[in-house]
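# Fold and contact review
Listed below are the residues making up each chain.
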Amino acid sequence: MASLTSISQSHTLLKKPNFTPSIPHNLSSSFTPRDFLFSKTQSFKLPQMASRSYVVSASTTETPRKRYPGEAKGFVEEMRFVAMKLHTKEQAKEGEKEVKQPEEHPVRKWEPSIDGYLKFLVDSKLVYDTLESIIDEAAFPIYAEFRNTGLERSEKLAKDLQWFEEQGYAIPKPSSPGITYAEYLKEISDKDPQAFICHFYNTYFAHSAGGRMIGKKVAQQILNNRELEFYKWDGDLSQLLQNVRDKLNKVAESWTRDEKNHCLEETEKSFKHSGEILRLILS
Ligand code: HEM
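Residues numbered from 1 in each chain as written. Predicted model: local features only at pLDDT ≥ 70, side-chain atom pairs only at ≥ 80, totals over all residues.

## Some remarks on the overall build of the chain
To be explicit about the condition: Each helix is a run of H or I in the DSSP string that is no shorter than four residues. Each strand is a run of E no shorter than two, and both are numbered from the N terminus. Note on burial: count the other C-beta atoms lying within 10 Å of the residue's C-beta; 20 or more is buried, 12 or fewer is exposed, in between is partly exposed, and C-beta positions come from the backbone. This entry defines residue contacts through backbone-placed C-beta atoms, with two residues in contact when those atoms are within 7 Å.
Across its full length, the chain carries 9 helices and 2 strands. In the chain, which comprises 283 residues, the proportion classed as buried is 30%. Considering only intrachain contacts with a sequence separation of at least 6, the fraction spanning at least 24 residues in the chain is 74%.

## Points about unusual backbone geometry
With phi around 45°, Ala 138 is a residue other than glycine that occupies positive phi space. On the secondary structure map, Ala 138 appears in the loop between helix H3 (114-137) and helix H4 (154-166). Phi is positive for Asn 148, close to 50°, though the residue is something other than glycine. With respect to the helices, strands and loops of the structure, Asn 148 is situated in the loop between H3 and H4.

## Some remarks on the site of the ligand
Applied cut-off: A molecule or strand has a residue near it when that residue's C-beta atom, placed from backbone coordinates, lies within 6 Å of it.
In the vicinity of the ligand lie 21 residues, with Gln 91, Ala 206, Ala 209, Gly 210 and Ser 274 positioned nearest. Those elements giving two or more residues to the shell around the ligand turn out to be helix H2 (75-85), helix H6 (193-222) and helix H9 (267-279). By residue number, the principal contributor to the shell around the ligand is H6, which donates 8 residues.

## Looking at helix H8 (residues 257-265)
Note the threshold: To be clear, the arc concerns the directions from the helix axis to the C-beta atoms.
Buried within H8 we find Asn 261, Cys 263 and Leu 264. Within H8, the buried residues cover an arc of 155° as seen down the axis, which keeps them to one side. Elements in contact with the buried residues of H8: H2, H6 and H9.

## What to know about the nonpolar core
What counts, and what does not: When buried Ala, Val, Leu, Ile, Met, Phe, Trp, Tyr and Cys residues are joined through C-beta atoms within 7 Å, the set is termed a nonpolar core.
The biggest cluster of nonpolar side chains holds 46 residues, and the ones touching the most others in it are Met 79 and Tyr 201. Within the residue set of this core, elements represented by two or more residues are H2, H3, H4, helix H5 (176-189), H6, helix H7 (237-253), H8 and H9. In terms of residues, this core owes the most to one element, H3, which gives 11 residues. Each residue touching Tyr 201, except ones within four places of it in the same chain, is listed here: Met 79 and Leu 248.

## With respect to the confidence of the model for the chain
What counts here: Residue-level confidence of the predictor, termed pLDDT, takes values from 0 up to 100.
Overall, the predicted model of the chain reaches an average pLDDT of 83, with 78% of residues at or above 70. In this model residues 1-32 is a low-confidence stretch, pLDDT under 50, and it forms 49 contacts with partners more than four residues away in sequence or in other chains. Long-range and interchain partners of residues 38-59, a stretch whose pLDDT sits below 50, account for 49 contacts in this model, where long-range means more than four residues apart. The complex prediction reports pTM at 0.82, with the ipTM value standing at 0.94.

## Details of H7
Note the threshold: Multiplying 1.5 Å by the helix residue count minus one yields the expected span of that helix.
Compared with an ideal rise of 1.5 Å per residue, which puts 17 residues at 24 Å, H7 spans 24 Å between its outermost C-alpha atoms and is within 8% of the ideal. By the burial criterion, the buried members of H7 are Val 244, Leu 248 and Ala 252. Viewed along the axis of H7, the buried residues span an arc of 70°, placing them on a single side of the element. Across from the buried face of H7, at angles greater than 90 degrees, the exposed residues are Gln 239, Gln 242, Asp 246 and Glu 253. Check the buried side of H7 and you find it contacts H2, H6 and H8.

## A look at the packing of H6 against H9
What counts is decided by this rule: In this analysis, axes come from line fits to C-alpha atoms, helices being fitted only over the stretch in contact, and the angle between any two N-to-C directions falls in the range 0 to 180 degrees. For classification purposes, an angle smaller than 35 degrees is called roughly parallel, one larger than 145 roughly antiparallel, one from 65 to 115 roughly perpendicular, and anything else oblique. Each crossing gets its handedness from the near helix: less than a right angle anticlockwise from the far helix is left-handed, clockwise is right-handed.
At a minimum axis separation of 9 Å, H6 and H9 run at an interaxial angle of 50°. When the axes of H6 and H9 are compared, the pair comes out oblique. Once H6 is placed against H9, the crossing between them reads as right-handed. Across the interface between the two elements, Cys 198, His 199, Asn 202, Thr 203 and Ala 206 of H6 pack against Thr 267, Ser 270 and Ser 274 of H9.

## Looking at the packing of H3 against H4
To describe two helices that pack against each other, one gives the angle between their axes and the distance between the axes. Put simply, the rule reads: Residue type decides the class: Asp, Glu, Lys and Arg count as charged, Ala, Val, Leu, Ile, Met, Phe, Trp, Tyr, Cys and Pro as nonpolar, and the leftover types, Gly among them, as polar.
Orientation of H3 relative to H4, taken along the N-to-C sense of each, is 150°, at an axis distance of 9 Å. Judged on the interaxial angle alone, H4 and H3 are roughly antiparallel. The way H3 lies across H4 gives a crossing that is left-handed. Taking contact as the criterion, the partners of Leu 118, Leu 121, Val 122, Ser 124, Lys 125, Tyr 128, Asp 129 and Glu 132 in H3 are, on H4, Ser 154, Leu 157, Ala 158, Asp 160, Leu 161 and Phe 164. Grouping the amino acids of the contact of H3 with H4 by side-chain chemistry returns 8 nonpolar, 2 polar and 4 charged.

Given below as structure tokens:
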């Protein structure tokens, strides 16, 4: 009988690029993140970051399970992996989506307007108000883990809108992209915690990455370089983000693989809604 055998997969896993998810270049297509998750029926090559050596025991005939991209580092890395693929190359270097919408062009080429930016800030505030009240009310106990993370944006946005008002700008009412997204978040939050957590992660982490780039560029172009409160955090942002990553990883440890996949599959909706709100800047 064979003893423990260490099987190195490196000849198939470490060559680059060997991970070629097929992502139709259209957000409204039938694509779901499951398309580039490992499935039993799919011959799938893992990306470099997920490579490892399997140890199989011939005596138990146990087949090692392949890991999902990012899985070795924790569930946040899985969510990040799916999110990065849904960017365009122009938005982030890990992106793979084809440019279809105005906000998918490089931010440096944007031509924002104050009116459009105000609509974006108003709709963003509605979304953050909604996320933060859902977390406060905690319909599911896991939501309470994400109270007072320091990432909250609602009060910061209120200050920014007050500043615009003091400058003589009329603050618009929330528009359809923000209202639709807020309604959707409320709807899923009390019946589908995995989907809700996906939106929570994507909204706060997107803002800390691409969101800040956008804020800086728009400030240069139309706000005389004024840095809005929306882009300021009390404390060290990278530490605040890390604390939230740790909590998200912990929460997801109790999820089944199906629940995790369900959460990952929600990423596309998060991009769709946030993309519609971002587009307001260019309206
Ligand atoms: C103009 C639009 C956008 C731009 C320019 C942009 C750009 C970026 C960049 C440069 C990064 C950092 C990549 C890195 O770590 O090297 C990033 C990360 C990320 N983006 Fe976006 N992004 C945009 C829209 C979005 C949207 C709509 C979402 C989803 C709602 C999103 C979700 C994320 C997430 C989850 C990360 C990972 C953050 C982290 O690891 O901390 N992004 N984005």
